[in-house]
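Coordinate inspection notes
In case you want the letters, here they are:
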Amino acid sequence: MHVTLWVLQVLAAAMFLFAGYLKLAGSPDMVALFEAIGAGQWFRYVTGALEALGAIALLHPEDAALGALGLVGVMIGALITDLFIVGITPVPALINLVIVGIVAWGRRSELRMLLPRS
């Protein structure tokens, strides 16, 4: 299971680094997508930065669980946006959500160690 999680983490990190790069670099497709969303181009930068930071965290053993959990949040937002605002296919967002969800679930014991005990 440990090897499987690492394979998924590296795969997800590559996908999110690429996606984050496209957003931060101002790819015309990304500019148009965020124009269609209507939240402004600042949101493209925030999303790109979150994706890039999450990808880097996935590759750092101590931060992988938090990175995956953060990317789950980003992908839930992307899924909702794809379905209800932009009207494009949610399949890529759903696939990414499943991958980082598996990583977050597989690393849940590491998340528990980060929480304060009461």
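Look up a bit, the structure's there.
None of these values were measured; they are calculated from a predicted model.

Cut-offs used in this document
- Residues numbered from 1 in each chain as written.
- Predicted model: local features only at pLDDT ≥ 70, side-chain atom pairs only at ≥ 80, totals over all residues.
- Heavy atoms only, no water.
- Helix = DSSP H or I, 4+ residues; strand = E, 2+ residues; numbered from the N terminus.
- Rg over C-alpha atoms; globule rule 2.2 N^0.38 Å.
- Contact = heavy atoms within 4.5 Å.
- Lys, Arg positive; Asp, Glu negative; His and termini not counted.
- Charge placed at Lys NZ, Arg CZ, Asp CG, Glu CD.
- Phe/Tyr/Trp six-rings, centres within 6.5 Å; stacked < 30°, edge-to-face > 60°.
- Lys NZ or Arg CZ within 6 Å of the ring centre and 35° of its normal.
- Buried < 20%, exposed > 50% of the residue type's maximum accessible area, 1.4 Å probe, protein only.
- Salt bridge = Lys/Arg side-chain N within 4 Å of Asp/Glu carboxyl O.
- Axes fitted to C-alpha atoms, helices over the stretch in contact; angles between N-to-C directions.
- Parallel < 35°, antiparallel > 145°, perpendicular 65-115°, else oblique.
- Left-handed = near helix turned anticlockwise from the far one by under 90°.
- Core = buried A, V, L, I, M, F, W, Y, C linked by side-chain atoms within 4.5 Å.

This brings us to the overall build of the chain. Helix and strand counts for the chain stand at six helices and zero strands. Scanning the chain from its N terminus toward the C terminus, one meets helices and strands in the order α-α-α-α-α-α. Here the chain has a C-alpha radius of gyration of 15 Å; the compact-globule value for 118 residues is 13 Å, and the two agree. Taking the contacts inside the chain whose residues are at least 6 apart along the sequence as the reference set, 61% of them involve residues at least 24 apart. If you average the places of the 6 positive and of the 7 negative side-chain charges in the chain, the two averages end up 11 Å apart.

A separate point is the side chain of T47. Relative to the assigned elements, T47 resides in helix α3 (residues 41-58). Among residues more than four places away in sequence, those in contact with T47 are K23 and F34.

According to the stated counting rule, one finds two aromatic pairs in the structure shown. Between R108 and the ring centre of W105, over which it is positioned, the NZ or CZ distance is 4.1 Å.

This part takes up the side chain of T81. If you trace the backbone, T81 turns up in helix α4 (residues 64-86). Among the residues examined, T81 registers a relative accessible area of 15% and is labelled buried.

Time to look at the pattern of salt bridges. Close approach of charged atoms lets side chains of opposite charge pair. One pass over the full model with this rule turns up two salt bridges. Between K23 and E51 there is a salt bridge whose closest N-O contact spans 3.1 Å. Taken together, the positions of K23 in helix α1 (residues 2-25) and E51 in helix α3 put the pair 28 residues apart, joining distant regions of the chain. Per residue, the accessibility class of K23 equals that of E51, and both read buried.

Moving on: the packing of α1 against α3. Following both chains from N to C, one finds α1 and α3 inclined at 155 degrees, their axes separated by 8 Å at the closest point. One finds that α1 runs roughly antiparallel with respect to α3. By crossing handedness, the relation of α1 to α3 is classed as left-handed. Contact residues: W6, Q9, A12, A13, F16, L17, A19, G20, K23 and L24 in α1; R44, Y45, T47, G48, A49, E51, A52, A55, I56 and L58 in α3.

Note that soluble globular proteins tend to have their nonpolar side chains buried in a common cluster. Judged by nonpolar contacts, the single largest core of 18 residues is most densely connected at A12, F16, L58, M75 and V100. Counting residues per element, the ones that place at least two in this core are α1, α3, α4 and α5 (91-106). If sequence neighbours within four positions are ignored, A12 has contacts with L58, I99 and V100.

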